[in-house]
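Okay, here's what each chain looks like letter by letter:
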Amino acid sequence: MNQSLSFKEKISYAAGAVGKDMVYSLVSGFILYYYNTVLGISGTFTGIMMMAARVFDAFNDPMMGVVVEKTHTKLGKFRPWILTGTITNALVLFAMFSVPEKLKGSPMLIWATVAYFLWGITYTLMDIPFWSMIPAITKTGKDRENLSVIGRTASSVGFAIPTVCTMLLVTRIGGSERAGFMFLAAVVGAIFIITELVTFFGVKEQRSVSQDTPSVKEMFRSLFSNDQALVIVISIILFNTSLYTTTQLALYFFKYDIGNSDLYSLFGTIGGGAQILSMASLPILRKKWSSKSILSSAICITIFGYLFLFLLGTFSVTNVALLGVSAFIIYIGFGLATVLTTIFLADTVDYGEWKNGKRNESVIFSMQTFVVKLASAVSVLVAGVGIDIIGLDTEAEVQSAGTIFGLRFIMTIIPIMGLIAAILYFRKKYILTEEKNKEIADELTSRKA
């Protein structure tokens, strides 16, 4: 029977999305800067360490999907893990940005490494069940699309808050950036817990028909047999890595090229507003164009924004208004693509059930958590190794012309290459049109009847 979500459930789900992406934004956007500039750890070490963590997640995230599938409690199978993961992740978040000043050399590297690994593990505990709830608590395609838009729009709000506020706050509280980051991590962690409690108590899980839970071996087999899920996974990796690389280096750009790190907050504010606007407009756009066409257009828009930003740098144009225009263009495309890839991934759950006979929402959505973190880690690796290669000196007041050009190249041209690869691959391999999805849904209904 179809089940429409109440307004309370939608707001409760949105609250959790805001809190969890505030945490993710703080870590993905500022951990390289914190480790490299504040603690003095090399960019190359940070990038390699984070890639190692993501290799570990290649096994940890899908296994968490299996654990969620095997969970059966009075509270459901998703909410207990959301609560557990939130509390533990908030504590680890504070520890990650609270490296004791007395630690130097190897002890500091060990603390930073262990904290980052634990952060990834505990974030997985809550993130996989959070997104896995979408196909589990929505029965119609319309409800699924609406909740995906709500969740992703709320996530964008949460992601934008640290982007906008972090550099404005850490340089003005605590007496130093080091103390400022520690204080901010504590505040974000507290907000995280509160918002997830809203989701925990406000969203009620629907009882699903019991089905056999796959083993890890069967799970990997089912993932690789769902060719459309793999297409979305690879596309998300390429797209997010491109954007995250720019995000990682934008702070360096404004601090060392423009000479004003506060402008990074303005860049993030405009970009975040554009992202939210584009997400909210998706239902309107869907009435006129197909999802596949919208995604292609969104990525082309983002590429244009990158080219515009590169040209501004090439001709030494540092006009704030024009920089804001480039941020607006880049993030409009990114906002649309973020929601659409979530909808596409949800559609592959039905496709997997139609093709393989097993639904396994958590298994499929465990890949989303993994690929987003993988994209973040790859971007940190590119950015970290890149700033070492171009010779960026975090203690120098002025960088060389070659260093600045290299910075602009890594944060614009390399992402453009990734975006072109993403859209060409997606358009060639993804076959689930609106018509095909309807055929699959009708056949699944017939099977159950």
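Every chain's residues receive numbers from 1 upward, in the order its sequence appears when written. Under the rules for a predicted model, residues below a pLDDT of 70 receive no local features and side-chain atom pairs below 80 are neither given nor counted, while totals for whole chains, interfaces and linings still include all residues. For side-chain calculations, the full set of non-hydrogen atoms in the structure is used, while hydrogens and water are omitted.

To continue, consider the overall build of the protein chain. Helix numbers and strand numbers start at the N terminus; a helix is a DSSP run of H or I with at least 4 residues, a strand a run of E with at least 2. The number of helices and strands found in the protein chain is 14 helices and zero strands. Shown N-terminal to C-terminal, the secondary structure of the protein chain runs as helices and strands in the order α-α-α-α-α-α-α-α-α-α-α-α-α-α. The C-alpha radius of gyration computed for the protein chain amounts to 21 Å, which stays within 12% of the reference 22 Å derived for 449 residues, consistent with globular compactness. Across the 449 residues in the protein chain, those meeting the buried criterion constitute 58%. Contacts were defined at the residue level, with two residues in contact if any of their heavy atoms lie within 4.5 Å. Across the protein chain, the fraction of contacts at a sequence separation of at least 24, relative to all contacts at a separation of at least 6, is 86%. On the protein chain, roughly 17,900 Å² of surface is accessible, and the fraction owed to carbon and sulfur atoms is 68%. Charged-residue counts in this description rest on Lys and Arg as positive and Asp and Glu as negative, His and the chain ends being excluded. Charge coordinates come from a single atom per side chain, which is NZ of Lys, CZ of Arg, CG of Asp or CD of Glu. With 37 positive and 30 negative side-chain charges, the protein chain shows a separation of 5 Å between the mean positions of the two kinds. Throughout, radius of gyration means the C-alpha value; the globule benchmark is 2.2 Å times the number of residues raised to the power 0.38. Classification of residues uses two cut-offs on accessible area relative to the type maximum, computed with a 1.4 Å probe and protein chains only: under 20% is buried, over 50% is exposed, and between them is partly exposed. Computed by Shrake-Rupley with a 1.4 Å probe, the accessible areas treat only the displayed protein chains as cover when residues are assessed.

The next thing to look at is the nonpolar core. Buried residues of nine kinds, namely Ala, Val, Leu, Ile, Met, Phe, Trp, Tyr and Cys, make up a nonpolar core once their side-chain atoms join them within 4.5 Å. Ranked by internal contacts, the top residues of the largest apolar core, which has 128 residues, are Tyr 35, Leu 93, Met 96, Phe 97 and Trp 119. Residue contributions to this core peak at 16 residues, all from helix α1 (residues 7-38).

Another point: the pattern of salt bridges. Whenever a carboxyl oxygen of Asp or Glu lies within 4 Å of a side-chain nitrogen of Lys or Arg, that contact is scored as a salt bridge. Tallying each qualifying case throughout the model produces eight salt bridges. A salt bridge links Asp 127 to Lys 20, with the shortest nitrogen-to-oxygen separation between them at 2.6 Å. Here Asp 127, found in helix α4 (residues 105-137), pairs with Lys 20, found in helix α1; they are 107 residues apart in sequence, far enough to count as distant. We note that Asp 127, like Lys 20, is buried. Among the charged side chains, a salt-bridge network with shared partners connects Lys 20, Asp 21 and Asp 127.

The next point concerns helix α11 (residues 320-356). Here the expected length of a helix is defined as 1.5 Å per residue gap, with one fewer gap than residues. Here α11 contains 37 residues, and its C-alpha end-to-end distance of 53 Å stays within 8% of the 54 Å for a straight helix at 1.5 Å per residue. The buried fraction of α11 is high, at 29 of 37 residues. We call two N or O atoms a polar contact when they sit within 3.5 Å, provided that within protein one can donate a hydrogen and the other can accept it, with sequence-adjacent residues counted only if both atoms are side-chain atoms. The N-capping residue of α11, defined by a side-chain oxygen 2.9 Å from the backbone nitrogen of Ala 321, is Asn 319. Taken from the residues just after α11, Gly 357 is the one with a positive phi, measuring 85 degrees.

Between helix α8 (residues 227-258) and helix α13 (residues 401-429), the shortest axis-to-axis distance is 9 Å and the interhelical angle comes to 165 degrees. Classified by the interaxial angle, the pair formed by α8 and α13 is roughly antiparallel. Seen along the crossing, α8 lies across α13 with a hand that is left-handed. For this scheme, ten residues count as nonpolar: Ala, Val, Leu, Ile, Met, Phe, Trp, Tyr, Cys and Pro. Four count as charged, namely Asp, Glu, Lys and Arg, and the remainder, Gly too, count as polar. When its residues are assigned to classes, the contact of α8 with α13 shows 21 nonpolar, six polar and three charged. What counts as an axis is a line fitted to C-alpha atoms, over the stretch in contact for a helix, and the angles between N-to-C directions run from 0 to 180 degrees. Each angle receives one of four descriptions, namely roughly parallel if under 35 degrees, roughly antiparallel if over 145, roughly perpendicular if within 65 to 115, and oblique otherwise. Handedness of each helix crossing follows the sense of rotation of the near helix against the far helix: counterclockwise by less than a right angle gives left-handed, clockwise gives right-handed.

Counting all residues, the mean pLDDT for the protein chain is 86, and 92% of those residues have values of 70 or more. A score between 0 and 100, pLDDT records how confident the predictor is in each residue. At the level of individual helices and strands, the protein chain shows its lowest average pLDDT in helix α7 (residues 216-225), which scores 65, and its highest in helix α6 (residues 177-202), which scores 96.

Let's shift gears to the packing of α1 against α8. Helix-helix packing: each pair is described by the crossing angle between the helix axes and the interaxial distance. Packing of α1 against α8 leaves a shortest axis separation of 10 Å and a crossing angle of 50 degrees. By the angle between their directions, the pair α1 and α8 is classed as oblique. Of the two possible hands of crossing, α1 and α8 adopt the one that is right-handed. On α8, the residues touching Tyr 24, Ser 28, Gly 29, Phe 30, Leu 32, Tyr 33, Asn 36 and Thr 37 of α1 are Tyr 244, Gln 248, Leu 251, Tyr 252, Lys 255 and Tyr 256. Considered class by class, the residues forming the contact of α1 with α8 number eight nonpolar, five polar and one charged.

This next bit is on the environment of Met 96. With respect to the helices and strands, Met 96 occurs in helix α3 (residues 79-96). Residue classification places Met 96 among the buried residues on the basis of a relative accessible area of 0%. In the structure, Met 96 is positioned 35 residues away from Asp 61 in sequence and 21 Å away in space, judged by C-alpha atoms. If we ignore the near neighbours within four places in the chain, the residues touching Met 96 are Val 27, Ile 31, Tyr 34, Tyr 35, Ala 115, Tyr 116 and Trp 119.

On to the environment of Trp 131. Along the polypeptide, Trp 131 turns up in helix α4. On the basis of relative accessible area, Trp 131 is assigned to the buried category, the value being 2%. When the C-alpha atoms of Trp 131 and Ala 17 are compared, they prove to be 9.2 Å apart, with 114 residues separating the residues in sequence.

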